[in-house]
Amino acid sequence: MIRTLTSLLLILNILVCSGQNSIEHRKAQTIEIVLDSITSIDIPVEISPYFVEPKVLLIYPSDTLNIEIEIAKDTIASMKVVDKILFPEKTVTLEFTQTVHEDFTTQMTLDMYNPFDKKLSYKAYMVTPYSEGWVETSIIPVFPKIHSVELWGDTIISLILEEWKLIKM
């Protein structure tokens, strides 16, 4: 009886904590993006949802996120940003950064870890200081259980990541 009660309390605690662990909105902030040796721009980012639609993630340089993914019948059923990684076996981590080199050339980097046993694929769209809206950019699926790094020589203001899929090897 005590063992069953302890198990139930543990399950209830996990359910309650995972609900409190979810982060739906990013905090307001200003992101500085370097364009060249003499020009940088400040991008004001208001309080806004990470997922602008179900499974459509909007990210900015300086975002470091843990994304907990629920799988149903080999399909990504839901995604949410979480504060702490409680379930590493189903939490994708990503970090989107800008690096400025000594000669003021810039590089945008998206580092993503795939915890699953299948390749993780998605489509990516970017907004640059020079584009007139969202432009699709190429990406390589993230292989199982590794970090993948996407690099762009373009300065990117934000990325949309969508059409997430798990692909058998």
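Values in this document were obtained by computation on a predicted structure and should not be read as measured data.

Let's shift gears to the packing of aromatic side chains. Summed over the entire model, instances satisfying the criterion amount to two aromatic pairs. Taking the centre distance of 6.5 Å and the plane angle of 85° together, the rings of phenylalanine 96 and tryptophan 152 count as edge-to-face. Placement of the pair is phenylalanine 96 in strand 9 (residues 91-100) and tryptophan 152 in strand 13 (residues 147-152), with a sequence separation of 56 residues. Residue class for tryptophan 152 comes out buried when judged on its relative accessible area of 7%. Over the ring of phenylalanine 87 we find lysine 90, and its NZ or CZ is 4.7 Å from the ring centre.

Counted according to the given criterion, the structure contains six salt bridges. Salt-bridge contacts for lysine 90 lead to glutamate 70; the nearest nitrogen and oxygen are separated by 2.5 Å. Of the two residues, lysine 90 is situated in the loop between strand 8 (75-82) and strand 9 and glutamate 70 in strand 7 (residues 64-72); the sequence distance between them amounts to 20 residues.

Next up on the list: the sheet that holds strand 13. What the five strands build is an open sheet, ordered 8-7-9-10-13; its pairing is antiparallel. Looking at which strands have only one partner, the edges of the open sheet turn out to be strand 8 and strand 13. For this sheet, the mean inter-axis angle between neighbouring strands, taken without regard to orientation, is 25°. With seven bridges joining them, strand 7 and strand 8 adopt antiparallel strand pairing. Each bridged residue has a counterpart across the sheet, and for alanine 72 the counterpart in strand 8 is threonine 75.

Cut-offs used in this document
- Residues numbered from 1 in each chain as written.
- Predicted model: local features only at pLDDT ≥ 70, side-chain atom pairs only at ≥ 80, totals over all residues.
- Heavy atoms only, no water.
- Phe/Tyr/Trp six-rings, centres within 6.5 Å; stacked < 30°, edge-to-face > 60°.
- Helix = DSSP H or I, 4+ residues; strand = E, 2+ residues; numbered from the N terminus.
- Buried < 20%, exposed > 50% of the residue type's maximum accessible area, 1.4 Å probe, protein only.
- Lys NZ or Arg CZ within 6 Å of the ring centre and 35° of its normal.
- Salt bridge = Lys/Arg side-chain N within 4 Å of Asp/Glu carboxyl O.
- Pairing = 2+ DSSP bridges.
- Axes fitted to C-alpha atoms, helices over the stretch in contact; angles between N-to-C directions.

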